[in-house]
Amino acid sequence: MNFAKVSTLFVSAFCAEFGLAYEPVVHQALSEQSTLASVVAEIDTMSRRGFAGPISGSRAKKYSNSKGVDGTILTLIRDGAAFEDDVPRSINHFFNPRTNSALNLNGEDYIAAGDLPDLKTLIRIAAAAVNLEAITSPDWALGDRDGTVLTNGYTFKSARLFYRKSVTAPDTADRRGFTGELFETLGRLIHHIQDMAQPQHVRNDPHLQTDSLDPHCPASMLTPFYGAWCPVYLRYKAESIYEAWTTTLSNTRGYVLPTAGYPKVYGTGSDGLATFLKPRDFWTLSGKGLADFTNRNFLSTGTMNLAPPTTGTAFVMKVADACNGLVPPCEAPYAPDDYITFYQSTVDDQFRPGTGGPHPYAAAQSIFTPD
């Protein structure tokens, strides 16, 4: 395999997996809870729209997803939430509402003093490749922005078409196929809203870690397959410990990521019906969208000194006190006289102003990682 082909493969993998947000298991758990709290779970409502019966369980009808596997409506939504991170989609899962921008890298930030010219060039090429390909999350998901060229077959516009065809196509098999595409697409759209609750995704804070490259690029040895590109990947590599933590809660250790019990934002009896009038509003709307809220109120690893939020008075707490009763428990070793310095902020919720207030643990300085 020549260098040009290797370079193309590496840059493709590099771009494709830059910035995966929550792991699929987390996206699926969040999607299931949001679906069960929505009108999709209301049998009467769904029957009036042409979909009879429950959305899950042994009595539910099954339809095929884009990979040819049959599942109930709830399963299809979970599938879509997981599939949305398939290569090369995740590069389009960022959106900074303050700048209306997609993921954008400055290659100079990843160049160190003493780097050889060839390495500097490759670092800059990688950044340029990401910046050339990236589209904002709402543009990618909704497909409603004039002049935006998309290769995305699962947009909100697609979902409307799938819905129409699922109830009007003359052939039964076609109707079933379009039904599967409809609900898988809804799962993919839900995925994007979930990503807007991950601070790195709304503050242009890139995080890269990919299982497809790690075996070829160990820190201690460069394998010949990727050659000169491994130092580039290792320079950009920055796994999100926050995402790893949510995955841990949803996976194998017996803890549960809390995904239920939150008040509805949209739907029967909620206050969002008069607020979020267009799909894009859920991303950004005069400070009320989810991207707005997260960007304004939460820091992330690479934006600890970037306001908002503005941090206030610091206070010190013993690590032992901070860890007391935590689920899951603290795992890092600490001594009795180890302390954490916390920095406070104020949560500003412009959609539901009454639910804001003090956030005592906005940032921390301690023996632990920045996350």
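As the structure is a computational prediction, the values presented were derived from the model and not from experiment.

**A word on the overall build of the protein**
Moving on, step 1. Of the regular secondary structure elements, the protein holds 13 helices and five strands.
Moving on, step 2. When the 371 residues of the protein are sorted by exposure, 43% land in the buried category.
Moving on, step 3. By sequence separation, contacts in the protein at least 24 residues apart represent 65% of the contacts at least 6 residues apart.
Moving on, step 4. Of the roughly 18900 Å² that the protein leaves accessible, carbon and sulfur atoms contribute 56%.

**A look at unusual backbone geometry**
Moving on, step 1. Put simply, A307 and P308 share a cis peptide bond, and its omega is -5°.
Moving on, step 2. Tracing the chain through its elements places P308 in the loop between α12 (290-297) and β3 (314-318).
Moving on, step 3. Of the consecutive residues P308 and P309, the connecting peptide bond is found in the cis state with omega at -5°.
Moving on, step 4. Positionally, P309 belongs in the loop between α12 and β3.
Moving on, step 5. Look at N100: it is not a glycine, yet its phi comes out positive at around 55°.
Moving on, step 6. For N100, the position within the fold is in the loop between α4 (73-83) and α5 (117-133).

**Considerations on the confidence of the model for the protein**
Moving on, step 1. For the protein, per-residue confidence averages 86 on the pLDDT scale, and 88% of positions sit at 70 or higher.
Moving on, step 2. Below pLDDT 50 for its whole length, residues 1-7 participates in seven contacts with residues either more than four positions away or in separate chains.

**Concerning the pattern of salt bridges**
Moving on, step 1. What the rule picks out here adds up to 13 salt bridges.
Moving on, step 2. Among the salt bridges present, the one from D139 reaches R280, with a minimum N-O distance of 2.9 Å. Separated by 141 residues along the polypeptide, D139 in helix α6 (residues 137-142) and R280 in the loop between α11 (241-250) and α12 bring together distant segments of the chain. The residues D139 and R280 share a single accessibility class, namely buried.
Moving on, step 3. Measuring nitrogen to oxygen at the nearest pair gives 3.2 Å for the salt bridge that ties D348 to R296. Of this pair, D348 sits in the loop between β4 (339-347) and β5 (357-365) while R296 sits in helix α12, placing them 52 residues apart in sequence.
Moving on, step 4. For R296, a relative accessible area of 11% puts it in the buried group.
Moving on, step 5. When salt bridges that share partners are traced, they join E84, R89, E184 and R188 into one network.

**Brief notes about the packing of aromatic side chains**
Moving on, step 1. In this structure the tally under the stated criterion is eleven aromatic pairs.
Moving on, step 2. Here the aromatic rings of F342 and Y361 are separated by 4.7 Å at their centres, their planes lie at 70°, and the arrangement is edge-to-face. Here F342 is found in strand β4, whereas its partner Y361 is found in strand β5, with 19 residues between them in sequence.
Moving on, step 3. Given a relative accessible area of 44%, Y361 falls into the partly exposed group.
Moving on, step 4. Among the aromatic side chains, those forming a connected cluster through ring pairs are Y266, F276, F282 and F351.
Moving on, step 5. Here K67 stacks its cationic end above the ring of F83, 4.1 Å away from the centre of that ring.
Moving on, step 6. If you follow R188 out to its NZ or CZ, it ends over the ring of Y154, 3.9 Å from the centre.

Analysis parameters
- Residues numbered from 1 in each chain as written.
- Predicted model: local features only at pLDDT ≥ 70, side-chain atom pairs only at ≥ 80, totals over all residues.
- Heavy atoms only, no water.
- Helix = DSSP H or I, 4+ residues; strand = E, 2+ residues; numbered from the N terminus.
- Buried < 20%, exposed > 50% of the residue type's maximum accessible area, 1.4 Å probe, protein only.
- Contact = heavy atoms within 4.5 Å.
- Areas by Shrake-Rupley, 256 points an atom, 1.4 Å probe, with all protein chains shown as cover.
- pLDDT = per-residue confidence, 0-100.
- Salt bridge = Lys/Arg side-chain N within 4 Å of Asp/Glu carboxyl O.
- Phe/Tyr/Trp six-rings, centres within 6.5 Å; stacked < 30°, edge-to-face > 60°.
- Lys NZ or Arg CZ within 6 Å of the ring centre and 35° of its normal.

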